[in-house]
Amino acid sequence: MRTATALVLTLMLAAGAALAANELIVTEIMYNSSESTDVEWFELYNNSDVILDLTGWYVLDDNLTHTRVPLSGTMVPGAVMVVAGTEALFTAKYPGVTNYFPACFQTYGVEWSLGNSGDQINVFDASEQLVCSVLFDDGAPWPTSPDGSGPSLVLVDAACPDYSDGTCWAAGANDGTPGVLTQTVSEEASTWGGVKSLFR
Ligand SMILES: [Ca+2]
Ligand SMILES: [Ca+2]
């Protein structure tokens with residue numbers, strides 16, 4: 001009995017350790033909004049059981065020579081934050097959303113964007129280790145309506161072994177839900193607890 005308990009604990013610890021590679025994940029992407037000038041953003045979720053200190057963390061698109069966009073502050077387990085392209089465009093379209101990082105990837109001097117024919121989002125920690133990467137596309141098996149028709153891309157399987165697998169993503173709500181985890185059309189969780197269980 002004790003041996004069995006120890007084995008279970010060992011397995012739980014192993015599973016917990018494996019999560020560390022995906023402690024901060026991308027849960028929603030708006031790469032081609034319905035406006036003529038894209039209002040781009042993506043959403044990050046603390047998928048770990050610890051408070052993440054994001055000092056020194058940064059994001060990049062597919063071109064790793066582009067300017068690093070710093071993350072900042074801390075995120076408690078289950079917290080959601082948005083990385084916006086252009087603050088003025090983002091706040092004009094989503095005036096109620098305040099949980100976004102101060103640094104934006106289309107700010108003057110940074111100026112990279114999320115390509116409408118596919119692109120990559122990379123999240124690095126303070127040790128310059130890649131903690132999450134999504135290589136998205138606008139063609140099958142990726143949902144195609146997020147390519148300018150209004151919906152966002154939403155992650156429907158947080159345990160997906162490869163976030164660059166389009167089958168782990170679905171078309172979200174029209175204009176998306178930046179900063180709020182109301183993921184997916186089919187598995188929408190109505191409560192925070194539901195969201196947590198969906199993502200664990
Ligand atoms: Ca775009
Ligand atoms: Ca959302």
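All values derive from a computational prediction rather than experimental measurement.

(A) Representation of the sheet that holds strand 1 (residues 24-30). The five strands lie next to each other as 7-2-1-10-11, forming an open sheet whose pairing is antiparallel. Unpaired on one side and paired on the other, strand 7 (80-84) and strand 11 (169-174) mark the two borders of the sheet. In this sheet, neighbouring strand axes are inclined to one another by 30° on average, regardless of whether the strands run parallel or antiparallel. Bridging between strand 10 (residues 151-155) and strand 11 involves four bridges; their strand directions are antiparallel.

(B) View of the coordination of the calcium ion (ligand 2). Listed as protein donors to the calcium ion (ligand 2) are Glu28 (OE), Glu43 (OE), Glu43 (OE), Thr177 (O), Thr177 (OG1) and Val180 (O); their distances from the metal cover 2.2 to 2.9 Å. Given six donor atoms and angles of 47 to 166° at the metal, the environment of the calcium ion (ligand 2) is assigned as irregular. Here the donor residues for the calcium ion (ligand 2) map to a single chain with the spacing E-x14-E-x133-T-x2-V. Highlighted residues: Glu28 in strand 1 and Thr177 in the loop between strand 11 and helix 3 (192-198), separated in sequence by 149 residues.

(C) Representation of the nonpolar core within the structure. Membership of the largest hydrophobic core comes to 42 residues, with the highest contact counts inside it found for Val26, Ile29, Phe42, Leu71 and Val123. Counting residues per element, the ones that place at least two in this core are strand 1, strand 2 (41-46), strand 4 (58-60), strand 7, strand 8 (119-124), strand 9 (130-136) and strand 10. Sequence-distant contacts of Ile29, that is, excluding residues within four places in its chain, are made with Trp41, Phe42, Leu114, Ile121, Val134, Phe136, Ser152, Leu153 and Trp169. Of all hydrophobic cores here, the second largest spans 10 residues; its members include Val39, Val97, Tyr100 and Cys104.

(D) How the structure looks around the coordination of the calcium ion (ligand 1). The protein atoms donating to the calcium ion (ligand 1) are Tyr31 (O), Asp38 (OD), Glu40 (OE), Leu114 (O) and Asn116 (OD1), with metal-donor distances spanning 2.2 to 2.4 Å. Coordination of the calcium ion (ligand 1) draws on donor residues from a single chain, spaced Y-x6-D-x1-E-x73-L-x1-N in sequence. Using a relative accessible area of 1% as the deciding quantity, one classes Leu114 as buried. The exposure class assigned to Asn116 is partly exposed, which follows from its relative accessible area of 31%.

(E) Examining the packing of aromatic side chains more closely. For the structure shown, the criterion picks out eight aromatic pairs. For the ring pair Tyr58 and Phe124, a centre distance of 4.9 Å and an interplane angle of 15° mean the geometry is stacked. One end of the pair, Tyr58, is in strand 4; the other, Phe124, is in strand 8, with 66 residues separating them in the sequence. Exposure class is identical for Tyr58 and Phe124. Each is buried. Through pairs of rings, three or more aromatic residues link up here, namely Trp41, Phe90, Tyr94 and Tyr100.

The rules behind each value
- Residue numbers here run from 1 along each chain, matching the order of that chain's written sequence.
- Each chain is given a letter, starting from A, and each ligand a number, starting from 1, according to the order in which they appear as written.
- Only residues with pLDDT of 70 or above have their local features reported here, since the model is predicted, and side-chain atom pairs are shown and tallied only from 80 upward, although totals for entire chains, interfaces and linings are computed over all residues.
- Computation of side-chain values covers all heavy atoms of the structure but excludes hydrogens and water.
- DSSP bridges decide pairing: two strands pair if at least two such bridges lie between them.
- Helical segments are the DSSP runs of H or I of at least four residues, strand segments are the runs of E of at least two, and each set is numbered from the N terminus.
- Every axis corresponds to a line fitted to the C-alpha atoms, with the helix fit spanning only the stretch in contact, and the corresponding angles, defined between N-to-C directions, vary from 0 to 180 degrees.
- Only nitrogen, oxygen and sulfur atoms qualify as donors, provided they sit within 2.8 Å of the metal or within 3.2 Å for Na, K and Ca; with water excluded from the atoms, sites may seem incomplete.
- Working rule for geometry: tetrahedral if four donors all subtend angles between 85 and 135 degrees; square planar for four, octahedral for six, if opposite donors exceed 155 degrees and the others stay between 65 and 115; irregular in every other situation.
- Residues belong to one nonpolar core when they are buried, are Ala, Val, Leu, Ile, Met, Phe, Trp, Tyr or Cys, and are joined through side-chain atoms within 4.5 Å.
- A 1.4 Å probe rolled over the protein chains alone gives each residue an accessible area, and that area as a share of the maximum for its type sets the label: buried under 20%, exposed over 50%, partly exposed in between.
- Any two residues whose heavy atoms approach within 4.5 Å are treated as being in contact.
- Only rings of Phe, Tyr and Trp enter the pairing, Trp through its six-membered ring, and a pair is recorded when the two centres are within 6.5 Å. The plane angle decides the type: under 30 degrees is stacked, over 60 is edge-to-face, the rest tilted.

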